[in-house]
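Chain by chain, the residues run as shown.
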Amino acid sequence: MLLEGITYMHEHTTIDLSEVKRNEDCQLDVYEETVKEYKKLYSKGVRNIVDVTNFGMGRNIPFVQRVAEESGINIIHATGFYQEKFYPIQVFRETKEELAERMIREIQEGIKGTDVKAQIIGEIGTSHNAWTEAERKVFEAVVIAHKETNKPITTHTSLGTLGHEQVAFFKENGVDLNRVIIGHVDLTGDADYIIHMLREGAYVEFDTIGKENYMPDQVRADILKQIQELGYIDKVVLSMDITRKSHLEYKGGLGYSYLLDTFIPILERTGITDESIEKLLMRNPITFFAG
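Anyway, here's the lowdown on the structure attached to this text. (Residues numbered from 1 in each chain as written. Predicted model: local features only at pLDDT ≥ 70, side-chain atom pairs only at ≥ 80, totals over all residues. Heavy atoms only, no water.)

### Describing the sheet that holds strand β11 (residues 236-238)
Inference 1: Overall, parallel pairing links the six strands, which are arranged β6-β7-β8-β9-β10-β11 in an open sheet. Across the chains shown, the open sheet's two edge strands, defined by having one partner strand only, are β6 (78-79) and β11.
Inference 2: Pairing of strand β8 (residues 153-156) with strand β9 (residues 180-182) involves two bridges; the strand directions are parallel. Note that in β9 the partner of isoleucine 153 across the bridge is valine 180.
Inference 3: Strand contacts of helix α9 (residues 217-230): β10 (203-206) and β11, with the helix running at about 155° to β10, the strand carrying the most contacts. (Pairing = 2+ DSSP bridges. Helix = DSSP H or I, 4+ residues; strand = E, 2+ residues; numbered from the N terminus. Contact = heavy atoms within 4.5 Å. Axes fitted to C-alpha atoms, helices over the stretch in contact; angles between N-to-C directions.)

Written out as structure tokens, the structure reads:
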């Protein structure tokens, strides 16, 4: 599943949210530039990228497979349904059982007629401070698919909201929280809020690193220091969630290497130990996937 080395736990090798967002920048489909950055990551020790692009997000399996082959990086594929405003029509037409069957098929047989199988269910999301009826149906379908396949789950919270509600939902539905990552929690900037989810037993994801227009990276580092001191660093994973052309280096963006080149030195200056950094980048993803 995962190769030894660094893992980015929440990325999109290619994604297209441009129609809904009415912005061509949100169509990330620049092959050469992505390969160049992934090769750079490989040179820095990155061996795995979890690509959480799913139904309705512009998945392109051959594109991603070519990037994997050319860059040498092991890319983990996902299945699921993102968030209501991006849902394909099937989510509204089909039952939770039918939606579950779609995900199970992608895990057991392959995605979109390919032999590439999904290894994780996600990213599945709730809206900003609102959990819609359709989103709840998707989460219920995910529980069915998870129990059938034992594949882990990774979520999207809009600006970190409803993380506690997601944790409670999975607990109520008998899902082992060791198999669940709550995503985008760093956008809350709220240590107590995040620590509650860790105490409940879920993994949490600091996966918008570098997006300082939302949250300063020093705040992320300070919260990670508190998590380290409380002994929960084993349940945290990292990523950048790059989704736009303008996020890439060729457009003057931070690029994927920012996490390693800039954010890790911030952690070191803040007092995050080498052992904790190794867990965040390498050991925790392996433990999570191993279940």
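So much for the structure itself; the text now carries on.
### Thoughts on the pattern of salt bridges
Any two side chains of opposite charge can pair, on the condition that their charged atoms come close.
Inference 1: If you walk through the whole model with that rule in mind, you get 16 salt bridges.
Inference 2: For glutamate 140, the salt bridge is made with lysine 96, and the minimal N-O distance between the two is 4.0 Å. Note that glutamate 140 is positioned in helix α6 (residues 133-149) and lysine 96 in helix α5 (residues 96-108), a separation of 44 residues in sequence.
Inference 3: Given the relative accessible area of 29%, glutamate 140 is considered partly exposed.
Inference 4: Among the residues examined, lysine 96 registers a relative accessible area of 31% and is labelled partly exposed.
Inference 5: Note that glutamate 278 is salt-bridged to arginine 283, the shortest N-O span being 3.9 Å.
Inference 6: Arginine 283 gets classed as partly exposed once you look at its relative accessible area, which sits at 36%. (Salt bridge = Lys/Arg side-chain N within 4 Å of Asp/Glu carboxyl O. Buried < 20%, exposed > 50% of the residue type's maximum accessible area, 1.4 Å probe, protein only.)

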